[in-house]
Protein chains: 2
Amino acid sequence: MQSFNGVKGETQVHDISPIRAKSGTNQEGTSAHNRRVMIEALRLNGALSRADLARATQLTKQAVSNIVEDLERDGLVVALDAVRKGRGQPFTPYRLVPEGAFAIGLQIDRHLTRVVVVDLVGNVVARAEASLPFDQPSEGVEIILGLVARVRHELAGISAQSERRLVGLGVAMPGPFGLKNPDNKWMMPAWQQFPLLETLAAGTGLNVGLQNDAAACATAERIVGAAHGIDHAVCLYVGYGIAAGLILNGELYSGGNGNAGEIGMALLSPAGPGSTPLEHRASLASLYQHLGLNPADANLYEKLAALAVAADPKVMGWIEDAASDLRWSVHLIETIFDPQTVILTSGAPEPLARRLLQAMHPLLPSIADRPGRRLPRLQLGTTDPWAIAVGAAAEPISRAFDPRFSAILKAG
Amino acid sequence: MQSFNGVKGETQVHDISPIRAKSGTNQEGTSAHNRRVMIEALRLNGALSRADLARATQLTKQAVSNIVEDLERDGLVVALDAVRKGRGQPFTPYRLVPEGAFAIGLQIDRHLTRVVVVDLVGNVVARAEASLPFDQPSEGVEIILGLVARVRHELAGISAQSERRLVGLGVAMPGPFGLKNPDNKWMMPAWQQFPLLETLAAGTGLNVGLQNDAAACATAERIVGAAHGIDHAVCLYVGYGIAAGLILNGELYSGGNGNAGEIGMALLSPAGPGSTPLEHRASLASLYQHLGLNPADANLYEKLAALAVAADPKVMGWIEDAASDLRWSVHLIETIFDPQTVILTSGAPEPLARRLLQAMHPLLPSIADRPGRRLPRLQLGTTDPWAIAVGAAAEPISRAFDPRFSAILKAG
DNA sequence: TAATTAAGTCAAGCGAATTGACTTAATGGT
DNA sequence: ACCATTAAGTCAATTCGCTTGACTTAATTA
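Residues numbered from 1 in each chain as written. Chains lettered and ligands numbered in written order. Predicted model: local features only at pLDDT ≥ 70, side-chain atom pairs only at ≥ 80, totals over all residues. Heavy atoms only, no water.

Caption draft 1: Quick look at the overall build of chain A. The secondary structure content of chain A amounts to 13 helices and 13 strands. The C-alpha radius of gyration of chain A comes to 23 Å, within 12% of the 22 Å expected for a compact globule of 412 residues. Each of the 412 residues in chain A was classed as buried or not, and the buried ones make up 59%. In chain A, of all internal contacts separated by at least 6 residues, the share reaching a separation of at least 24 is 65%. Across chain A, the mean location of the 37 positive side-chain charges is 7 Å away from that of the 40 negative side-chain charges. (Helix = DSSP H or I, 4+ residues; strand = E, 2+ residues; numbered from the N terminus. Rg over C-alpha atoms; globule rule 2.2 N^0.38 Å. Buried < 20%, exposed > 50% of the residue type's maximum accessible area, 1.4 Å probe, protein only. Contact = heavy atoms within 4.5 Å. Lys, Arg positive; Asp, Glu negative; His and termini not counted. Charge placed at Lys NZ, Arg CZ, Asp CG, Glu CD.)

What follows is the structure, given as C-alpha cells:
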C-alpha cells in the first residue's frame, strides 16, 4: 500500500490543537430547513398549494400541511381563495405575507448614507438618506442612528407587530476589508478602522452584518432582480469603484476573508507600466476624473444622465475605454466561474449604464458561448441607486429565511 | 410600498412551468449527515474518542455513541487501545479503517491513461497504466476496461469484502466540456464526443462521475495534500494545458456547466495582438513547443527533469516567461476568490515545478497580503503524475462520505 | 482512602416526518 | 343525472434518531 504523496493517513492519537469538525444536526435542523424550503419555494413560484409544495420539496403532504400551518400561525404565509382546476378537490394556494418579516439595510458611501426597510418579499417600505462626513465616522454613526430611528418609526406605523418582526440590520460599504494599508481612498479608511458594527448593534439592539457593496448588489439581484432563482450568477458592479458579487451554488460567496469579488484592485497585465488596477480605468471614479467632475457634487447624477442622453463625446470616449476593460472582465469571469449569466449593475444613471452595456458588445468569445444557452450571457441589472441598501437589507432576510447548509447545523 | 425595481413580488397563482424548489429533508438526512461529519472529523484529526467527537460536532455523547457503533459495525471505523490521560475514565480513540471503502480513479490523458484504486483515507492500493490512442475512443475504452479489470482483480486480493466496498469510478480528463467547437487540440475532441461515461458505467457496473483534470488535482490535494482541512483554496494546475481547481466553502466548485476554473482559455489582454490564451504561454504544451520536444515522447518526463536540474537556458527562459503569467494569475485568483492559500501543482517533474515556483516570487501585491496570515500565499502541491488519477478516485469517496448540503436533502 | 474528574451506558422521552386509510369536492363519461 | 375517477387535504398511529438525566466505570489527586 502506498500513498501518492508524503502525506499519509497516519493516525495521531490526540492532538493538542482544537479538533476540526463540522457540526452535526438533529430534528430542529431538519425542521428549520424544511420551513426555509417552503418559504423559498413560495418566493420563487409566487403561490403554491400544499400538494404542489409536497411534490416540489419531496416531502409528504402531511409534513407540508403541518409546516404550512405553522408558517400561517407565524404570519409568514397566508391562504388565497381556493381554485378549481380540472378534476379533484380544489386547491388552496398559499403565498408569502410581505409583512411577515422586515430588515433594515444601510448603505455607507463616500459622501452619503441610505437606509431602507425591506419586507419579506423585497419591497421597500421605508427609506431615508443623508450626507455623511467622509472621515468622521463617530459623527457619521450618529447621523446613521438617527436615520435608522426614523425608518423604524415609520415602520411602526405599518403594523403593531412590525417591530417584533425585524430580523436584523445589514450594512453595505465599499471593501475590501481588513487589509494592511487602509490609506486607500476607495476603501474609506476612517470607517474601516471604526468599530462600526459594534456601535450599530449597541445603538439599535439588532443583529448586524456587513458586506461590500457589490455583494449587496448581488444579494438584491437575487431577491428581487435578474438573479432571482438563478444559482450561478456573477454581478458586476460599476460604482465609484468596481467589484463583483458572486452567487455560487445559490449563495453569496465571500471567500476566506470576506473579500471575494473585490476585483477593483486587480492588475490589468502581468507587469510593467500598463499594469494598472481595474478600478483606475473602469469605475465611475475614473469617469469623474475624466470629466473633471467633483464626486461630492450634489447634482452629479443628473449631470451624468444628461451627458449620457446627449451622447457627450467625452463620456462616449470613457465608455469606449471602460467597455473594453469590462468586456474583458466579463470574459474572465465567464472563463473562471462558468456562471449561468453575468449581470451588469451600476450606480450610474440608467442611460449611461445602457450605453456602457451596448458598448460591451459584441462580447469576447468564451466557454459561455455554448450551444443551448437560455439566459443571456450579459444582462443589465438594476441601476437604481437604492439597490445597494436593498441588498444590505436582503442579507439578514436571506440569512433568516433561505435554505442554506449552515442553517441545518447546530450552533454556530 | 414600493419596490426598487420593476420586478415586484406579484403573486401568480399557478405556473405552467415546473415548480422550482430545493428538497426538504427528514431524519434519514440528519443521520446521513451526522455519519459523514464523524467520518470527516476522524479524517481531519486522525483519531478521536467518542467524547471528543461529541464536543467537536455538538452532538450528545449518546448520539455519537450510537453512530460510532454503527460505523464500527459497518467496518468504517475501529477502536484503538484505551488511553489514560489525566483524571477520569480512560478514553477509547477511534480511527478510520482504510479498507472501509475503495474507489477507482481513471485519468484519461492525451497519450496515456492511468487507473488507480484508492482507499477511504486516500492511499493508493493498486495502479495500472497504458498508452492510449488519442483519437480512437472506442479502442481506448477497451484498453481502459482492461486496466480497470486488472486493478479490480488486484483489489479482490486485499480482502473478500473489498469488491462490495467499491463506491464508484471517477474519471478525470482535460476540459472544458460541452462546448460548440470541440476541434481544439487541448480538449481531446474525439473523446468528448464519445459516450464515455455510459460505456464505462455499462462496462464496470459502477457509478461513474467526471471532472476536469484541475478539479481532480484539487480533490486530491484536499483529501491527502496541501488543502487537507482547508475550506477556501485554489489549485493551479500546470499540465499539458492549464486550469484551476476551486475549493470553495470546503467543496469543489464546478460552476453552472461544470467548467469553472478552466482558465486555460482566458485571454491575457482586452484586445489586440497581445490577446493570447493563457494556455498558449503557461502550459507544458508551450514548453514542449519551445524546446521542440514531441509530447508523445516516452522519455519526456526524464528529459525535462534532467534539463531542469541542469538549469538549461532554454528551459529557464520559458520558466521566466511562464512565471510572469502565473504570478499574475495568482494575483488575479487571490483578488477574485480571496482563498486561504493557492496551491501550485503540475504534471511536470518536481525540479521543474520547484524552479517555476521560485521564479514566481516575489508575488505581486494583492489583498492576500494581509496581516496575521498563517498559511503561505502560494505553496507547492504534489508533482506526482498519478495525482490526477488519485483525485479522480477521491471524488466518489468524497461524494459518499464527506458532509455536504446535497447529502442531507431527499432524493437525487 | 475519599473526593474529583471524565468517559461512556441505560432507558425513557420527544419531536418531526412517514404511513395508510379516510374525507371532501371537484370533473368527465355514460 | 348519476357514478366513477381524480386529486387535495386530514386523521391517527408509527417510526426513527437525537436528547435527557441518572447512573456506572475507572482513572487521578489530595
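Caption draft 2: Main features of the relation of the copies chain A and chain B. Under the fitted operation, chain A is carried onto chain B by 0.0 Å of movement along the axis and a turn of 180°, and the coordinates agree to an RMSD of 0.0 Å. Such a combination of turn and shift is consistent with a two-fold rotation axis. Among all residues of chain A, the one whose C-alpha sits closest to the rotation axis is A:F405, at a distance of 2.7 Å. Of all interface residues in chain A, 99% are interface residues in chain B too; the two copies therefore contact each other through one and the same surface. (Least-squares fit on C-alpha atoms with pLDDT ≥ 70 in both.)

Caption draft 3: Broad picture of the pattern of salt bridges. Evaluated as defined, the whole model comprises 30 salt bridges over all chains. Residues B:E40 and A:K22 are paired through a salt bridge, measuring 3.4 Å at the closest nitrogen-oxygen approach. With one member in each of two chains, B:E40 in helix α1 (residues 27-45) and A:K22 in the segment before α1 (27-45) form a pair that bridges those chains. With relative accessibility at 8%, the residue B:E40 sits in the buried group. Salt-bridge contacts for A:D297 lead to A:K303; the nearest nitrogen and oxygen are separated by 2.6 Å. One continuous salt-bridge network, built from bridges that share partners, spans A:K22, B:E40, B:R222 and B:D231. (Salt bridge = Lys/Arg side-chain N within 4 Å of Asp/Glu carboxyl O.)

Caption draft 4: Fine view of helix α7 (residues 213-224) of chain B. Residues and elements named next belong to chain B. Under the 1.5 Å per step criterion, the end-to-end length of α7 is 16 Å for 12 residues, consistent within 8% with the ideal 16 Å. In terms of burial, α7 is a largely internal element, 12 of the 12 residues being buried. The complete set of buried residues in α7 reads D213, A214, A215, A216, C217, A218, T219, A220, E221, R222, I223 and V224. The backbone nitrogen of A214 lies 3.1 Å from a side-chain oxygen of the residue at the head of α7, namely N212. (Expected span 1.5 Å × (residues − 1). Polar contact = N/O pair within 3.5 Å; in protein donor to acceptor, adjacent residues only side chain to side chain.)

Caption draft 5: Region of interest: the sheet that holds strand β6 (residues 124-131) of chain B. Residue and element names in this part refer to chain B. Read across the sheet, 5 strands follow the order β6-β5-β4-β7-β8 without closing on themselves; strand pairing throughout is mixed. The sheet is open, and its two borders are formed by β6 and β8 (208-212), each paired with just one other strand. Neighbour to neighbour, the strand axes of the sheet diverge by 20° on average, direction disregarded. Its contacts with the sheet put helix α6 (residues 196-204) on β4 (102-108), β7 (166-173) and β8, and the angle it makes with β7 is roughly 150°. (Pairing = 2+ DSSP bridges. Axes fitted to C-alpha atoms, helices over the stretch in contact; angles between N-to-C directions.)

Caption draft 6: Geometry of the interface of chain A and chain B. Contacts between chain A and chain B engage 106 residues on the former and 105 residues on the latter. Of the roughly 9400 Å² buried between chain A and chain B on both sides combined, carbon and sulfur atoms contribute 59%. Taken together, the connections running from chain A to chain B amount to 2 salt bridges. The tally of links from chain A across to chain B stands at 32 residue pairs in polar contact (both at pLDDT 80 or more). (Buried area = accessible area lost by both parts, 1.4 Å probe.)

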